[in-house]
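In case you want the letters, here they are:
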Amino acid sequence: MFLALLVSGSVVALVLVGLFVFGLRRRLIQRSGGTFDCSLRWNVPEEPDRSGKGWVYGVARYSGDRVDWFRVFSYAPRPRRVLERSAIEVLSRRVPEGEEELALLSDACILVCAHRGTRLELAMSEDALTGFLAWLEAAPPGQRVNVA
């Protein structure tokens, strides 16, 4: 009986520690400011896929001339993807359709981009999208930025 209580207590403690570390990681990412919720779908085919597959929920953070993208459900302290401002090319903008509406946040807009030859899609709120496009267009003089 004592062993069962000890094991179950240990499991509960481990779960609580895991949840605490998730929250602490998110706070550390957001501490420097300039963060926004942003889902990402990497290596998207040219033909639109409205199935909702491949979307990963994350947090993006402006960091100078790049955007660092972190997965939400991860313990990794480093960003999963780094998007340089000079390498981002905006191809189009659209609203979620079909099963995508279930896979993304309710107010999401989708930005179809290319980054160093890889097609990707970023889903974010309308406010975050406005800020992202303004950040792209605010590139220093001499940098080429392609915004559709």
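As recorded in an unreviewed UniProt entry, the protein chain goes by the name DUF2550 domain-containing protein, listed as coming from Streptomyces albidochromogenes.

1. What about the sheet that holds strand β8 (residues 118-125)?
One open sheet holds the four strands; their spatial order is β2-β8-β7-β6, and the pairing between them is antiparallel. Only two strands of the sheet have a single neighbouring strand rather than two, namely β2 (39-42) and β6 (88-94). Pairwise comparison of adjacent strand axes, ignoring direction, gives a mean angle of 25° for this sheet. In the sheet, strand β7 (residues 108-115) pairs with β8 via eight bridges, with the strands oriented antiparallel. Of the residues in β8, the one forming a bridge with A114 is R119. Contacting β6, β7 and β8, helix α3 (residues 126-137) crosses the sheet at an angle of about 130° to β8.

2. Some thoughts on the pattern of salt bridges
All chains considered together, the criterion is met by nine salt bridges. We note a salt bridge from E121 to R41, for which the minimum N-O separation is 2.6 Å. Residue E121 is located in strand β8, and its partner R41 is located in strand β2; the two are separated by 80 residues in the primary sequence. For the pair formed by E121 and R41, the shared burial category is buried. In this structure, the salt-bridge partner of D65 is R85, at a minimum N-O distance of 2.3 Å.

3. Some details on the state of the cysteines
This structure, assessed with the given rule, holds zero disulfides. Note on C38: no disulfide assigned, nearest cysteine sulfur contributed by C113 at a separation of 9.1 Å. A residue is classified by how much of its surface remains accessible, and C113, at 1% relative accessible area, is buried.

4. Let's talk about the side chain of E121
Residue classification places E121 among the buried residues on the basis of a relative accessible area of 3%. A distance of 2.6 Å separates polar atoms of two side chains, one belonging to E121 and the other to R41. At 3.1 Å, the side chain of E121 forms a polar contact with the side chain of R94. Discounting residues that sit within four places of it in the chain, E121 has contacts with S39, L40, R41, V44, W55, R94, E100, I110, L111 and V112.

Cut-off values and rules
- Residues numbered from 1 in each chain as written.
- Predicted model: local features only at pLDDT ≥ 70, side-chain atom pairs only at ≥ 80, totals over all residues.
- Heavy atoms only, no water.
- Pairing = 2+ DSSP bridges.
- Helix = DSSP H or I, 4+ residues; strand = E, 2+ residues; numbered from the N terminus.
- Axes fitted to C-alpha atoms, helices over the stretch in contact; angles between N-to-C directions.
- Contact = heavy atoms within 4.5 Å.
- Salt bridge = Lys/Arg side-chain N within 4 Å of Asp/Glu carboxyl O.
- Buried < 20%, exposed > 50% of the residue type's maximum accessible area, 1.4 Å probe, protein only.
- Disulfide = S-S within 2.5 Å.
- Polar contact = N/O pair within 3.5 Å; in protein donor to acceptor, adjacent residues only side chain to side chain.

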